[in-house]
Amino acid sequence: MRSEWWKSAVIYQIYPKSFQDSNGDGIGDLQGIRQRLPYLQNLGVDALWLSPVYQSPQIDNGYDISDYYQIDPMFGTSEDMNALIADTHARGMKIIMDFVANHTSDQYSWFQESRKSLDNPYSDFYIWRDPRPDGSAPNNWGSSFGGSAWTYEPARQQYYLHYYAKEQPDLNWENPRVRDAIYEVMKYWKSRGVDGWRLDVITSISKDWCFPDNPRPLTKENQHNGPRMHEFIHDLNQHVLTLYDMMSVGEAPASNAADAPLLVDPTREELDMVFTFQHMHIDRKPGDLNGRWALQKPDFIELKRIMADWQIQLSGRGWNALYFENHDRARVISRWGNDSKYRYECATAFATILHGMQGTPYVYQGEEIGMTNPQFALADYEDVEMIGNYHQFVEQQKTISSADFLAAVHKVGRDNARTPMQWDGSHNAGFSDATPWFKLNPNYTVLNVARDANAEKSVAHYYQQLIRLRHDESILRDGSFELLLPQDKALFAYKRHDDEKTWLVLANLSEKWQNLQGLLADADYRVILSNYQRETIGQQVAPYESFILELS
Ligand code: GLC
Ligand code: CA
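Just so it is clear, the model here is predicted, and its values are computed rather than measured. (Residues numbered from 1 in each chain as written. Chains lettered and ligands numbered in written order. Predicted model: local features only at pLDDT ≥ 70, side-chain atom pairs only at ≥ 80, totals over all residues. Heavy atoms only, no water.)

1. Brief notes about the overall build of the protein chain
Each helix and strand in the protein chain was counted, giving 15 helices and 20 strands. Compactness check: the protein chain gives a C-alpha radius of gyration of 23 Å against a globular reference of 24 Å for 552 residues, within 12% of the reference. Viewed in the frame of its principal axes, the protein chain has a C-alpha envelope of about 75 × 55 × 50 Å. Across the 552 residues in the protein chain, those meeting the buried criterion constitute 61%. Here the contacts in the protein chain between residues at least 6 apart in sequence split such that 69% fall between residues at least 24 apart. Roughly 20,300 Å² of accessible area belongs to the protein chain as shown, and the carbon and sulfur atoms make up 48% of that amount. (Helix = DSSP H or I, 4+ residues; strand = E, 2+ residues; numbered from the N terminus. Rg over C-alpha atoms; globule rule 2.2 N^0.38 Å. Buried < 20%, exposed > 50% of the residue type's maximum accessible area, 1.4 Å probe, protein only. Contact = heavy atoms within 4.5 Å. Areas by Shrake-Rupley, 256 points an atom, 1.4 Å probe, with all protein chains shown as cover.)

Dropping the structure here:
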């Protein structure tokens, strides 16, 4: 029987580069994380998910791995990793590593060999196709980071496939040797003490080997949920995940609530949970050529519909992964809420909605103090996606103006979440003695961990309470879910029920007072948590007010 510790756990994601620098080179590292373990333990989280720390040329901040067995010297040594794993365990927390198995770096020895010729032991480790008769790429697929998903290699006179940057060639999972090599890596890290995996774009590992053109050039329609995806994931489960009792959460960009059980139903033995992207698209114009840069006002009715759909469809058939932020997503309060006047209220309201649901909540570094998006100039951003997309959409296609693109970057660009962690108000926010690899959000002087801890309205303190509830209250783990007021644009309200009790979770996602519309009627209740620290609830709720009540 596998242990299901994650069902009452909260997982904290660390973006190592931006978390804590320990040796004064401006880059976060493993020793830095070690230094902050007391903070994380005090927050109460159960496990740490580290974004990739393997050897990497850092074209995509470590999601381009050049050796799965080595720690990048920028992050420290192999001994540092041992020490981090040991210390994390000693503090009662688990370690989840990020595994990028869809692609490697082009600097990986496997790819260096593969690109040389058609007949070497690594020739079929990647996805190579002949040019079309006119010499052009095998089909019209686009890369997520702009341009074609194919790059020509003169030595082989062939193209290789890359769903991301050209420095990130996709592995060929059809090749059993590739699958074995991946399992070996995972077993190796298990032997080092790692407790589980976040599996990067795992739903992309199977390709459609007919390579059909997409309806529109340079788009990505055919790049998820390929024909052998379930088979490959099941195989990985059998060789590693179940065998060694490792937790797994897969990144599943094209998943929806109806098909997710195929990935997470325990009887299918694939994954424990998946990260969907569905709710992340509520502020995107559907079908627009400019993809994630085509913004619209967030549609909260849609947000509620999607999240409720996952709660209900997965109930009894699989487990949810709950998130609003990660290293690819902007700060939720800047994106969908208010990050100035109601910063505390908004941060705690979104947290309440998320942590009240069934599933495992993920907290991304800085989310627990209500960090915000910076508003940098275009030239200050680092992200390969943003730069590649600017090139494609603004400069080549000319489908969006530079100003509109920058406005969208300020809302949803990935770099919004990657500014260094704001520990205190001292020089460089306590992140580093040296100039950080990426600009700090200048608001660190007033928004930081130290200040939050002493504030009357502390976001982190509220998170501590939410996390404690997840540990202590089985209704949050096991209770059923019922969405209330599905058509209300401002109130996000739902009930959780178990055999003994009913809880009401509510947040006002607007800056206006809202009428409770009889939600409480004459019910007696007990306040479990209130972000306005109220002991009683009236007939109206204040801007971004949230609470959890037990009804009786
Ligand atoms: C995932 C990662 C993202 C990365 C991409 C390619 O989406 O979360 O950061 O750029 O995969 O590895
Ligand atoms: Ca460092």
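2. Quick look at helix α3 (residues 78-90)
An ideal rise of 1.5 Å per residue puts 18 Å on 13 residues; α3 measures up with 18 Å between its terminal C-alpha atoms. Burial in α3 covers these residues: Asp80, Met81, Ala83, Leu84, Ile85 and Thr88. Near the N-terminus of α3, the side chain that reaches the backbone nitrogen of Glu79, with its oxygen 3.3 Å away, is that of Thr77. Looking one or two places after α3, you find Gly92, whose phi comes out positive at around 80 degrees. (Expected span 1.5 Å × (residues − 1). Polar contact = N/O pair within 3.5 Å; in protein donor to acceptor, adjacent residues only side chain to side chain.)

3. Description of the domain arrangement of the protein chain
The domain architecture assigned to the protein chain consists of domain 1 (8-105 + 175-367 + 458-464), domain 2 (106-170) and domain 3 (479-551). On a C-alpha basis, the centroid separation for the pair domain 1 and domain 2 is 26 Å. Facing the 34 residues of domain 1 at the interface are 32 residues of domain 2. Across the domain 1 to domain 2 interface the summed buried area is about 2,700 Å²; carbon plus sulfur atoms make up 58%. Linking domain 1 with domain 2 are two salt bridges, by the criterion used here. Residue Asp170 pairs with Lys207 through a salt bridge whose shortest N-O separation is 2.8 Å. Summed over the shared surface of domain 1 and domain 2, the result is 18 residue pairs in polar contact (both at pLDDT 80 or more). Looking at the side of domain 1 that touches domain 2, the elements with two or more residues in it are β4 (67-71) and α5 (176-191). Broken down by class, the residue content of the side of domain 1 that touches domain 2 amounts to 14 nonpolar, 11 polar and nine charged. (Domains from an automatic or database assignment. Buried area = accessible area lost by both parts, 1.4 Å probe. Salt bridge = Lys/Arg side-chain N within 4 Å of Asp/Glu carboxyl O. Nonpolar A, V, L, I, M, F, W, Y, C, P; charged D, E, K, R; others polar.)

4. Some words on the sheet that holds strand β16 (residues 502-508)
As summarised here, the arrangement of the five strands in space is β14-β15-β16-β20-β18, forming an open sheet in which the pairing is antiparallel. Two strands close off the open sheet at either side, each with one partner strand: β14 (480-484) and β18 (525-530). The average undirected angle you get between the axes of adjacent strands in this sheet is 20 degrees. Two elements, β16 and strand β20 (residues 546-551), share six bridges in a ladder whose sense is antiparallel. Among the inter-strand pairings, Leu506 is bridged to a residue of β20, identified as Phe547. The sheet contacts of helix α8 (residues 300-314) involve β14 and β15 (491-497), and relative to β14 the element is tilted by about 160 degrees. (Pairing = 2+ DSSP bridges. Axes fitted to C-alpha atoms, helices over the stretch in contact; angles between N-to-C directions.)

5. Quick look at the packing of aromatic side chains
In this description, an aromatic ring pair is defined by two values, namely the gap between the centres and the angle between the planes. By the definition in use, this model includes 42 aromatic pairs. Taken together, a centroid distance of 5.2 Å and an interplanar angle of 85 degrees make the contact between Tyr39 and Trp423 edge-to-face. Of this pair, Tyr39 sits in helix α2 (residues 37-43) while Trp423 sits in the loop between α12 (402-412) and α13 (449-454), placing them 384 residues apart in sequence. The exposure class of Tyr39 is buried, given its relative accessible area of 17%. Taken together, the ring pairs in this structure connect Tyr54, Tyr68, Tyr69, Phe99, Tyr108, Trp110, Tyr122, Phe125, Tyr188, Trp189 and Trp197 into an aromatic cluster. Positioned over the ring face of Trp437 is Lys17, at 4.3 Å from the centre of the ring. For Arg36, the ring lying beneath its charged end belongs to Trp423, and the centroid distance is 3.8 Å. (Phe/Tyr/Trp six-rings, centres within 6.5 Å; stacked < 30°, edge-to-face > 60°. Lys NZ or Arg CZ within 6 Å of the ring centre and 35° of its normal.)

6. A word on the confidence of the model for the protein chain
On average, residues of the protein chain score 97 in pLDDT, and 100% of them are at 70 or above. Looking across the protein chain, the model is least confident in helix α11 (residues 384-396), with a mean pLDDT of 95, and most confident in strand β1 (residues 11-14), with 99. (pLDDT = per-residue confidence, 0-100.)

7. Observations concerning the UniProt feature "domain: Glycosyl hydrolase family 13 catalytic" (unreviewed entry) in the protein chain
In this structure's numbering, the residues bearing the UniProt feature "domain: Glycosyl hydrolase family 13 catalytic" (unreviewed entry) are residues 13-418. Summarising residues 13-418: 30% helix, 12% strand, and an end-to-end C-alpha distance of 12 Å. (UniProt positions renumbered as here; feature names shortened; annotations may be inferred.)

8. Focus on the sheet that holds strand β7 (residues 150-153)
Spatial ordering of the open sheet is given by β6-β8-β7, a layout of three strands whose pairing is antiparallel. The sheet terminates laterally at β6 (128-129) and β7, the two strands that pair on one side only.

9. Notes on the coordination of the calcium ion (ligand 2)
On the protein side, the calcium ion (ligand 2) has Asp21 (OD), Asn23 (OD1), Asp25 (OD), Ile27 (O) and Asp29 (OD) as donor atoms, found 2.2 to 2.3 Å from it. Ordering the donors of the calcium ion (ligand 2) by residue number gives the pattern D-x1-N-x1-D-x1-I-x1-D. Both residues of the pair, Ile27 and Asp29, count as buried. (Donors = N, O, S within 2.8 Å, 3.2 Å for Na, K, Ca; no water.)

10. Examining the nonpolar core
Residues Tyr12, Leu40, Phe99, Ile182, Trp197, Phe324 and Tyr362 are the most contacted members of the largest nonpolar core, which totals 151 residues. Counting residues per element, this core draws most heavily on helix α10 (residues 343-355), which supplies eight residues. Among the nonpolar cores identified, the runner-up in size contains 14 residues, and Ile127, Ala149, Tyr164 and Ala165 belong to it. (Core = buried A, V, L, I, M, F, W, Y, C linked by side-chain atoms within 4.5 Å.)

11. Topic: the site of ligand 1
Of all residues adjacent to ligand 1, which total 13 residues, the nearest are Asp60, Asp200, Glu251, His327 and Asp328. Glu251 places a polar side-chain atom, nitrogen or oxygen, 2.8 Å from an oxygen atom of ligand 1. Taking Arg414, its side chain carries an N or O atom lying 2.9 Å from an oxygen atom of ligand 1. Contact with the protein chains hides 97% of the accessible area of ligand 1, taken as 300 Å² for the molecule alone. Here the residues of the shell around ligand 1 sort into four nonpolar, two polar and seven charged. (Near = heavy atom within 4 Å.)

12. Comments concerning the pattern of salt bridges
For the structure shown, the criterion picks out 31 salt bridges. In this structure, Glu153 engages Arg115 in a salt bridge whose closest nitrogen and oxygen atoms are separated by 2.8 Å. With Glu153 in strand β7 and Arg115 in the loop between α4 (109-114) and β6, this pair connects stretches of sequence that are 38 residues apart. Per residue, the accessibility class of Glu153 equals that of Arg115, and both read buried. The salt bridge partner of Glu325 is Arg331, with a shortest N-O separation of 2.8 Å. The same class applies to Glu325 as to Arg331, namely buried. Look at the salt bridges and you will find they share partners, linking Asp60, Arg292, Asp328, Asp383, Glu385, Arg414 and Arg418 into a network.

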